[in-house]
Amino acid sequence: MTVQSALMAGVQTLKLAGIDGAARDARVLMSAALGIDASRLTLCLHDPIADDVRSLFEGYIAARQTHRPVSRILGRREFWGRSFKISDDVLDPRGDTETLIAEALRHAPHRFLDLGTGSGIIAITLLAEVASCTGVAVDISDRALDIARYNARQHNVEDRLEILTGSWFAPVAGVYDLILSNPPYITETEMTALAPDVALFDPKIALTPGGDGLDAYREIAAQAKMYLTQTGAVIVEIGHLQAKDVTQIFQFHGFGNVTVIQDFDQKDRVIVAKL
Ligand SMILES: C[S@@+](CC[C@H](N)C(=O)[O-])C[C@H]1O[C@@H](n2cnc3c(N)ncnc32)[C@H](O)[C@@H]1O
């Protein structure tokens with residue numbers, strides 16, 4: 001059997017399972033099974049496929065058939081030009097969160113706090129981009145923090161990152177010029193309509209705080225000023241329909257300067273709150 005015939009069979013299996021982008025996914029998975037860059041796959045299509053590569057590829061296809069995202073099958077996700085390890089214990093990072101990174105970089109971070117760090121993408125990206133800054137990353141999930149630690153080591157920033165377990169500010173001391181968070185914000189109602197790639201594989205605690213989806217913002221806004229420098233900013237990612245509610249939450253807690261930033265699709269995506 002050739003690489004091409006195994007690939008075609010994989011595409012067919014994914015199509016029958018109703019996977020959008022079946023051909024693209026099968027190519028990525030075949031490239032990973034072969035251990036080559038996807039751009040080189042065409043060159044190998046007529047080669048015979050080795051038994052071990054074939055069974056690895058078929059395992060990948062069987063996983064994708066259940067709607068497991070390609071990133072979770074391969075255990076890696078690209079974010080802001082870097083590769084991060086992910087596992088079933090962390091949110092699969094979303095491109096939307098790059099809007100938060102762009103805004104944080106505009107504020108030239110010196111010492112930041114990342115609440116709900118998950119795989120660590122926000123904290124680690126900032127540390128890698130700004131060599132002079134230091135950060136503290138918090139998550140309630142110890143298993144997520146194991147992944148964040150691994151990623152911090154992989155990107156050589158572990159010396160500038162303190163990692164703490166606990167709920168939001170509970171384990172935190174000191175003040176920060178930036179407080180960042182991409183908290184769980186999906187509403188209880190939205191949870192019932194999520195695509196299987198999300199609903200079945202992202203940890204529930206990373207997706208939703210329940211109810212109207214706003215509880216994490218209420219907690220963060222209520223306590224942030226005790227941990228913020230006078231000229232500092234809180235920068236949070238939001239669901240694209242939450243700008244008004246989250247703005248009001250920060251205003252209620254004494255933030256006089258609240259701005260909404262849109263993402264690359266022109267959707268409300270980030271709130272910047274200053275005292
Ligand atoms: C939407 S995920 C964001 C993960 C990562 N920052 C990212 O952008 O990909 C939310 C994260 O908040 C964490 N979390 C949920 N409730 C928390 C709490 N009470 N205190 C701290 N972290 C919490 C979850 O474990 C999860 O890692």
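Remember, it's a predicted structure, so these values are computed and weren't measured experimentally.

Rules behind the numbers
- Residues numbered from 1 in each chain as written.
- Predicted model: local features only at pLDDT ≥ 70, side-chain atom pairs only at ≥ 80, totals over all residues.
- Domains from an automatic or database assignment.
- Buried ≥ 20, exposed ≤ 12 C-beta atoms within 10 Å, placed from the backbone.
- Helix = DSSP H or I, 4+ residues; strand = E, 2+ residues; numbered from the N terminus.
- Pairing = 2+ DSSP bridges.
- Near = placed C-beta within 6 Å.
- Contact = placed C-beta atoms within 7 Å.
- Axes fitted to C-alpha atoms, helices over the stretch in contact; angles between N-to-C directions.
- Parallel < 35°, antiparallel > 145°, perpendicular 65-115°, else oblique.
- Left-handed = near helix turned anticlockwise from the far one by under 90°.
- Nonpolar A, V, L, I, M, F, W, Y, C, P; charged D, E, K, R; others polar.
- Expected span 1.5 Å × (residues − 1).
- Arc of directions from axis to C-beta.

S.K.: What exactly am I supposed to notice about the domain arrangement of the chain here?
M.R.: Accessible area lost during the coming together of the parts is what is often quoted as the interface size. When cut into domains, the chain gives domain 1 (3-66) and domain 2 (76-274). Each of domain 1 and domain 2 has a C-alpha centre, and these two points are 34 Å apart.

S.K.: Would you mind showing me how to read the pairing of strand E1 (residues 76-79) here?
M.R.: Each regular strand shows side chains that alternate between the opposite faces of the sheet. With burial as the criterion, only one face of E1 is covered, namely that bearing Arg77 and Phe79; the residues Arg76 and Glu78 on the opposite face remain uncovered. In this structure, E1 lies alongside strand E2 (residues 82-85), joined through four bridges in antiparallel fashion. Note on E2: the bridge partner recorded for Arg76 is Lys85. Counted between consecutive antiparallel strands, the loop separating E1 from E2 contains two residues, among which Trp80 sits at a positive phi close to 45°.

S.K.: Sorry, what's going on with the site of the ligand here?
M.R.: Taken together, 23 residues sit near the ligand, with Gly116, Gly118, Ile140, Asn182 and Ala206 positioned nearest. Contributions of two or more residues to the shell around the ligand are made by helix H7 (121-129), strand E4 (134-139) and helix H11 (204-207).

S.K.: In this structure, what is going on with the environment of Ser71? I would like to understand it.
M.R.: Inspection of the secondary structure puts Ser71 in helix H5 (residues 70-74). Between the C-alpha atoms of Ser71 and Arg54, which are 17 residues apart in sequence, the distance is 19 Å. With residues up to four places along the chain from it excluded, the contact list for Ser71 reads Arg76, Arg77, Ile86 and Asp92.

S.K.: Honestly, the sheet that holds strand E9 (residues 268-274) in this entry has me stumped. Any pointers?
M.R.: Remark on secondary structure: sheet strands pair via backbone hydrogen bonds, oriented parallel or antiparallel. Strand order in this open sheet of seven strands is E5-E4-E3-E6-E7-E9-E8, and the pairing throughout is mixed. The sheet is open, and its two edges are formed by strand E5 (161-165) and strand E8 (257-262), each paired on a single side. The sheet shows a mean angle of 15° between the axes of neighbouring strands, taken without regard to direction. The sheet contact formed by E4 and E5 spans five bridges and is parallel. Bridge pairing in E5 places Asp139 opposite Thr165.

S.K.: Whenever I open this one, the environment of Ile147 confuses me. Can you help?
M.R.: Looking at the secondary structure, you find Ile147 in helix H8 (residues 142-154). Taking the C-beta count within 10 Å as the criterion, Ile147 has 23 such neighbours and is therefore assigned buried. Between the alpha carbons of Ile147 and Asp89 there is a distance of 8.3 Å; along the sequence they are 58 residues apart. Apart from residues lying up to four places away in sequence, Ile147 is in contact with Lys85, Ile86, Ser87, Asp89, Val90, Ser119 and Gly120.

S.K.: Where do I start with the packing of helix H6 (residues 98-106) against H7 in this structure?
M.R.: Relative placement of two packed helices is described by the angle separating their axes and the distance separating the axes. Taken N-terminus to C-terminus, the directions of H6 and H7 make an angle of 40°; their axes are 11 Å apart at the nearest point. With respect to each other, H6 and H7 are oriented oblique. Our pair here, H6 against H7, has a crossing hand that is right-handed. Residues Leu100, Ile101, Ala104 and Leu105 of H6 touch H7, and the partners they reach there are Ile122, Thr125, Leu126 and Glu129. The class makeup of the residues in the contact of H6 with H7 is six nonpolar, one polar and one charged.

S.K.: Explanation requested: the packing of helix H1 (residues 3-16) against helix H4 (residues 51-65) in the structure shown.
M.R.: Axis separation between H1 and H4 bottoms out at 10 Å; the angle between their running directions is 15°. Here H4 runs roughly parallel to H1, going by the angle between their axes. Seen along the crossing, H1 lies across H4 with a hand that is right-handed. Residue-level inspection shows Ala6, Gly10, Thr13 and Leu14 of H1 in contact with H4, the latter providing Arg54, Phe57, Ile61, Arg64 and Gln65. Across the contact of H1 with H4, the residue classes tally to four nonpolar, three polar and two charged.

S.K.: Sorry if this is basic, but what is going on with H1 here?
M.R.: Quick reminder: α-helices carry 3.6 residues per turn. Residues three or four places apart thus point the same way. For H1, built from 14 residues, the straight-helix expectation of 20 Å at 1.5 Å per residue is met to within 8% by its first-to-last C-alpha distance of 20 Å. When we look at burial in H1, the residues that qualify are Val3, Ala6, Leu7, Gly10 and Leu14. Down the axis, H1 shows its buried residues gathered within 100° of arc, on one side only. Directly beyond the C-terminal end of H1, a positive phi value near 75° is found at Gly18.

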